[in-house]
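As a plain string of letters, each chain reads:
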Amino acid sequence: MPNQPTIAERIAKCEDQIDQLKGEWHAIPDFIDVRLRLTDSRVARLSSEMADVKERLSSVEGKVDALPRVLAEMLDERDGRRR
């Protein structure tokens, strides 16, 4: 029969786990802040890309046949910048 931990050992283990959780709780606001900044960055980039799309589409107004080519070029340029 294995040795059972004493009440004092179990309490000490619980206190250690509580201290660890308290440390993790303090990191949550920083984590949220980082995620919000990342989201803000993505939204800003998408907004910029949409403005570019609107500008390019206005320059090809009436040239519907050119639209797929223009969009493909824009995606190629965007993907090329990320590499």
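Quick notes on the rules
Residues numbered from 1 in each chain as written. Predicted model: local features only at pLDDT ≥ 70, side-chain atom pairs only at ≥ 80, totals over all residues. Heavy atoms only, no water. Helix = DSSP H or I, 4+ residues; strand = E, 2+ residues; numbered from the N terminus. Buried < 20%, exposed > 50% of the residue type's maximum accessible area, 1.4 Å probe, protein only. Areas by Shrake-Rupley, 256 points an atom, 1.4 Å probe, with all protein chains shown as cover. 1 Å grid on protein atoms, 1.4 Å probe; cavity = no way out; pocket = protein on both sides within 12 Å on 5 of 7 lines; lining within 4 Å. Points joined across faces, edges and corners; volume = space filled by probe spheres on them. Nonpolar A, V, L, I, M, F, W, Y, C, P; charged D, E, K, R; others polar. Salt bridge = Lys/Arg side-chain N within 4 Å of Asp/Glu carboxyl O. Patch = residues over 30% accessible without salt bridge, like charges linked within 9 Å, V, L, I, M, F, W, Y side chains within 5 Å. Expected span 1.5 Å × (residues − 1). Bend = angle between axes of the 7 residues up to and from the residue.

(A) A look at the overall build of the chain. Check the secondary structure of the chain and you find 2 helices and 0 strands. Taken over 83 residues, the chain has a buried fraction of 7%. For the chain, the exposed area adds up to about 7600 Å²; of that, 58% sits on carbon and sulfur atoms.

(B) Structural view of the layout of surface pockets. By volume, the largest pocket is sized at about 210 Å³. For the largest pocket, the lining is made up of 12 residues, of which Glu-49, Val-53, Met-74, Leu-75 and Arg-78 are closest to its centre. Elements with a minimum of two residues in the lining of the largest pocket: helix H1 (7-59) and helix H2 (67-82). A class-by-class count of the residues in the lining of the largest pocket yields 6 nonpolar, no polar and 6 charged.

(C) Examining the pattern of salt bridges more closely. Overall, the coordinates contain 5 salt bridges when judged by the stated rule. A salt bridge links Arg-56 to Asp-52, with the shortest nitrogen-to-oxygen separation between them at 3.4 Å. Of this pair, Arg-56 and Asp-52 both sit in helix H1, 4 residues apart, which is roughly one turn of the helix. Residue classification places Asp-52 among the partly exposed residues on the basis of a relative accessible area of 28%. A salt bridge links Glu-77 to Arg-56, with the nearest nitrogen and oxygen atoms 2.9 Å apart. Residue Glu-77 is found in helix H2, and its partner Arg-56 is found in helix H1; the two are separated by 21 residues along the sequence. Given the relative accessible area of 22%, Arg-56 is considered partly exposed. Several salt bridges converge on common partners, so that one network encompasses Asp-52, Arg-56 and Glu-77.

(D) Expanded view of a nonpolar patch on the surface. A grouping of Leu-21, Trp-25, Ile-28, Phe-31, Ile-32 and Leu-36 is seen on the molecular surface, where their side chains present a nonpolar patch of about 650 Å² in accessible area. By the secondary structure assignment, Ile-28 is in helix H1.

(E) Highlighting H1. For H1, spanning 53 residues, the distance from its first C-alpha to its last is 77 Å, which sits close to the expected 78 Å at 1.5 Å a residue. The sharpest bend along H1 comes to roughly 30 degrees, located at Ile-28, with the proline Pro-29 sitting one to four residues further on.

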